[in-house]
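Residues per chain, in single letters:
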Amino acid sequence: MDWRFWQRQPTTKADALPAPAAQSRNHGILRSDGWANVLNGLGITGRDKTQSTTYLSRGTLDWQTLTNLHRQDWVARRVVDAVVGDAFRAGYAFTCADDPDLSAKVHDAWKTGKIDDQLALLFRWSLVYGGALAVMLTDDRPLDGYDNPLAQPLDLGSVKTLHRLLVVDARYIVPDLSRITSDPASPNFGLPESYTVTPYGTLSSVQYVVHWSRCLRIDGCDTDAQTRLDRQLWGDSIFEALYDALRFRGQLMQSVATTAAEFSQGVLAVKDLSLNLASAQEGAIVTRATAFRQGLGTAGLALIDSEFEKYERLGQPITGLPDLIKAFAMEAAGAIRMPESRLFGNQAGKLAGAESDHENWCEYIHAWQTSRIVPALQRLTDVLLACKTGPTAGKPVEGWRIEPNPLDVPDADKQVARHKTQAETDKIYYEMNVLEASEIRTSRFGEAGWSPDTTLNPKITGALEANEAKQIAEGDDGDDEDDAQAEPPEAT
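Residues numbered from 1 in each chain as written. Predicted model: local features only at pLDDT ≥ 70, side-chain atom pairs only at ≥ 80, totals over all residues. Heavy atoms only, no water.

Novice: With reference to specific residues and values, describe the overall build of the protein chain.
Specialist: Per the secondary structure count, the protein chain includes 16 helices and 12 strands. Here the analysis covers contacts within the protein chain between residues at least 6 apart in sequence; of these, 64% occur between residues at least 24 apart. Of the accessible surface of the protein chain, which amounts to about 31600 Å², a share of 54% is contributed by carbon and sulfur atoms. (Helix = DSSP H or I, 4+ residues; strand = E, 2+ residues; numbered from the N terminus. Contact = heavy atoms within 4.5 Å. Areas by Shrake-Rupley, 256 points an atom, 1.4 Å probe, with all protein chains shown as cover.)

Below is the structure:
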């Protein structure tokens with residue numbers, strides 16, 4: 001039997017017509033990836049106001065805007081100065097296990113060449129403009145301006161002296177995008193082979209074509225590949241993410257200044273003012289108001305007619321304004337992950353969360369030092385060590401490293417406890433013949449000050465390995481107590 005037989009049969013013409021499709025009272029688009037309610041419009045475009053909110057790009061900031069922000073907005077300038085200043089304030093430590101005396105020579109070379117000042121300027125412009133170059137000026141290629149001497153790759157074997165760094169920001173750098181390094185093993189992979197720099201601004205006729213090996217290239221903030229292409233392979237300015245917060249705060253502070261100027265408004269009540277205006281007495285009223293204002297401004301006295309006039313001052317309410325300023329201050333500080341006390345200079349003291357914010361900021365700066373500044377400083381030190389008149393007079397040096405000094409200096413109690421714990425650990429290692437006293441002394445109390453990092457002396461390590469190999473060759477299993485307490489051989 002056909003199942004349709006059991007369906008309700010139409011009894012009228014209206015019943016025989018197909019039912020119209022059900023339609024919603026609104027013609028919005030129903031969400032398919034979240035909560036929705038047809039009755040109250042939740043999640044339905046056209047009725048739910050939140051569904052109409054989208055993010056619109058304001059475009060990349062131009063060079064002049066970036067310059068004006070850094071020059072004229074004290075918050076923007078303080079952001080850059082705080083990041084760069086804290087990153088270079090504690091300094092950097094150069095250590096070499098093979099030649100402990102080399103550390104002092106390298107630090108003297110940094111100081112003589114004003115390396116810290118030049119690098120600080122380099123990183124400052126990279127944050128402001130999204131990128132910068134420091135051209136290493138050496139005596140192997142003098143700046144004669146005729147045969148493009150800097151366009152050739154840097155030969156470390158021919159460098160005698162590193163004279164200085166020529167810092168140029170991204171505004172005056174034109175990368176050669178037609179020649180991009182395609183060797184994956186090259187440290188310049190994916191970047192231009194050379195740059196045309198105008199070191200003294202657009203009004204200068206002096207230009208240099210510089211090979212990438214002669215430059216310290218520092219990008220600004222990380223960004224996506226398409227934006228880098230639009231910016232000629234440079235990064236973003238730190239002001240890109242901070243701009244809206246700076247703008248809103250500037251508008252707020254301007255409104256505060258306007259409110260302060262109009263904090264108290266004088267009101268002069270005149271009897272029958274409307275009737276006088278209707279009877280064409282505007283001139284007399286204006287004359288009276290002018291005379292009243294002049295008398296109030298010069299003599300500080302308000303002379304009024306006690307029967308027909310009344311004068312009073314009405315104050316502007318500022319309820320909630322301090323909280324609003326605080327909210328925008330937190331917005332600006334949060335945009336760059338900087339503690340509000342560090343950005344605006346207010347005293348946080350020992351308030352809840354203040355110490356944690358400071359520690360987080362120190363960790364952020366340390367990570368920035370390690371990922372951005374240390375590689376540039378290592379590259380620069382490579383050139384210094386290769387100089388024939390440098391700290392090593394052209395001799396190859398291995399086993400050296402550069403590390404940032406701690407930014408946060410702990411209080412005395414924490415520092416004493418830390419040293420005590422390290423001393424107890426060193427004692428255990430010494431009694432186990434793992435470390436020698438000279439290694440502990442050199443590692444803890446080097447040129448850069450106290451450090452928890454341990455550097456092994458390769459001579460002592462080699463002597464220990466040779467002694468162990470000798471014992472194995474002689475068939476000594478090393479189980480005797482005398483062997484366990486034996487002193488390691490002296491390093492020769």
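Novice: Could you give me a rundown of a negative patch on the surface, with the residues and numbers involved?
Specialist: Residues Asp98, Asp99, Asp101 and Glu398 make up a contiguous surface patch of negative charge. Counting through the fold element by element, Asp99 comes out in the loop between strand S1 (92-96) and helix H4 (102-112). Classification of Asp99 by relative accessible area gives partly exposed; the value is 32%. (Patch = residues over 30% accessible without salt bridge, like charges linked within 9 Å, V, L, I, M, F, W, Y side chains within 5 Å. Salt bridge = Lys/Arg side-chain N within 4 Å of Asp/Glu carboxyl O. Lys, Arg positive; Asp, Glu negative; His and termini not counted. Charge placed at Lys NZ, Arg CZ, Asp CG, Glu CD. Buried < 20%, exposed > 50% of the residue type's maximum accessible area, 1.4 Å probe, protein only.)

Novice: Describe the sheet that holds strand S7 (residues 215-219), naming the residues involved and giving the relevant values.
Specialist: Whether parallel or antiparallel, the strands of a sheet pair through hydrogen bonds between backbone atoms. In spatial order, the strands read S3-S2-S7; together these 3 strands make up an open sheet with antiparallel pairing. Each edge of the open sheet is held by one strand with a lone partner, namely strand S3 (162-169) and S7. With direction set aside, neighbouring strand axes in the sheet form an average angle of 15°. Relative to S3, strand S2 (residues 131-138) runs antiparallel, the two sharing 7 bridges. (Pairing = 2+ DSSP bridges. Axes fitted to C-alpha atoms, helices over the stretch in contact; angles between N-to-C directions.)

Novice: Explain the packing of helix H13 (residues 412-431) against helix H14 (residues 437-444) residue by residue, including any values.
Specialist: For the pair H13 and H14, the least separation of the axes is 10 Å and the interaxial angle reads 155°. As far as their axial angle goes, H14 and H13 are roughly antiparallel. Considering the relative orientation of H13 and H14, their crossing is right-handed. Residue-level contacts link Gln422, Asp426 and Tyr430 of H13 to Ala437, Ile440 and Arg444 of H14. Of the residues assigned to the contact of H13 with H14, the class counts are 3 nonpolar, 1 polar and 2 charged. (Parallel < 35°, antiparallel > 145°, perpendicular 65-115°, else oblique. Left-handed = near helix turned anticlockwise from the far one by under 90°. Nonpolar A, V, L, I, M, F, W, Y, C, P; charged D, E, K, R; others polar.)

Novice: Outline the packing of aromatic side chains, supporting the account with residue identities and numerical values.
Specialist: For the coordinates displayed, the defined rule picks out 9 aromatic pairs. For the ring pair Trp125 and Tyr129, a centre distance of 6.0 Å and an interplane angle of 50° mean the geometry is tilted. Taken together, the residues Trp125 and Tyr129, both in helix H5 (residues 115-129) and 4 residues apart, mark about one turn of the helix. Here Tyr129 falls in the buried class, since its relative accessible area comes to 3%. (Phe/Tyr/Trp six-rings, centres within 6.5 Å; stacked < 30°, edge-to-face > 60°.)

Novice: Lay out the nonpolar core with the relevant residues and their values.
Specialist: Phe88, Tyr92, Phe94, Trp110 and Phe239 are the most contacted members of the largest nonpolar core, which has 82 residues in total. At 12 residues, the largest contribution of residues to this core is made by helix H12 (residues 354-386). Those residues within four positions of Tyr92 in sequence are excluded, and the remaining contacts are Ala87, His107, Trp110, Gln369, Ile373, Val374, Leu377, Ile402, Glu403, Pro404 and Asn405. (Core = buried A, V, L, I, M, F, W, Y, C linked by side-chain atoms within 4.5 Å.)

Novice: An account of the environment of Pro192 is requested, with residue identities and associated values reported.
Specialist: Topologically, Pro192 is positioned in the loop between strand S4 (173-175) and strand S5 (194-197). Those residues in contact with Pro192, other than ones at most four positions away along the chain, are Pro175, Asp176, Leu177, Arg179, Ile180, Trp212, Arg217 and Leu233.

Novice: Could you give an account of unusual backbone geometry, naming the residues involved and the relevant values?
Specialist: One non-glycine residue, Lys114, adopts positive backbone phi at about 50°. Tracing the backbone shows Lys114 in the loop between H4 and H5. Phi is positive for Gln232, which is not a glycine, with a value near 55°. Secondary-structure assignment places Gln232 in the loop between helix H6 (225-230) and helix H7 (239-261).

Novice: Tell me about the sheet that holds strand S6 (residues 208-211), residues and numbers included.
Specialist: Read from one edge to the other, the open sheet built from 3 strands follows the order S4-S5-S6, with strand pairing classed as antiparallel. The two strands at the open ends of the sheet, each matched to only one other strand, are S4 and S6. Averaged over all pairs of adjacent strands, the angle between their axes in this sheet comes to 25°, without regard to strand direction. Across 3 bridges, the pairing between S4 and S5 is antiparallel. Among the inter-strand pairings, Pro175 is bridged to a residue of S5, identified as Tyr195.

Novice: For the pattern of salt bridges, give the residues involved together with the corresponding values.
Specialist: Evaluation of the coordinates by the stated rule reveals 12 salt bridges. Put simply, Arg77 and Asp81 hold a salt bridge, and the shortest N to O gap is 3.9 Å. Placement of the pair is Arg77 and Asp81 together in helix H3 (residues 74-89), with a separation of 4 residues, close to one helical turn. Relative accessible area serves as the criterion here: at 30%, Asp81 is assigned to the partly exposed category. For the salt bridge of Asp81 with Arg124, the shortest nitrogen-to-oxygen distance reads 3.3 Å. Of the two residues, Asp81 is situated in helix H3 and Arg124 in helix H5; the sequence distance between them amounts to 43 residues. Residues joined by salt bridges that share partners form a network here, namely Arg77, Asp81 and Arg124.

Novice: So what about a nonpolar patch on the surface? Which residues, and what values?
Specialist: On the surface, a nonpolar cluster with roughly 390 Å² of combined accessible area is contributed by Ile428, Tyr429, Met432 and Val434. In this structure Val434 comes out as partly exposed when scored by relative accessible area, which is 43%.

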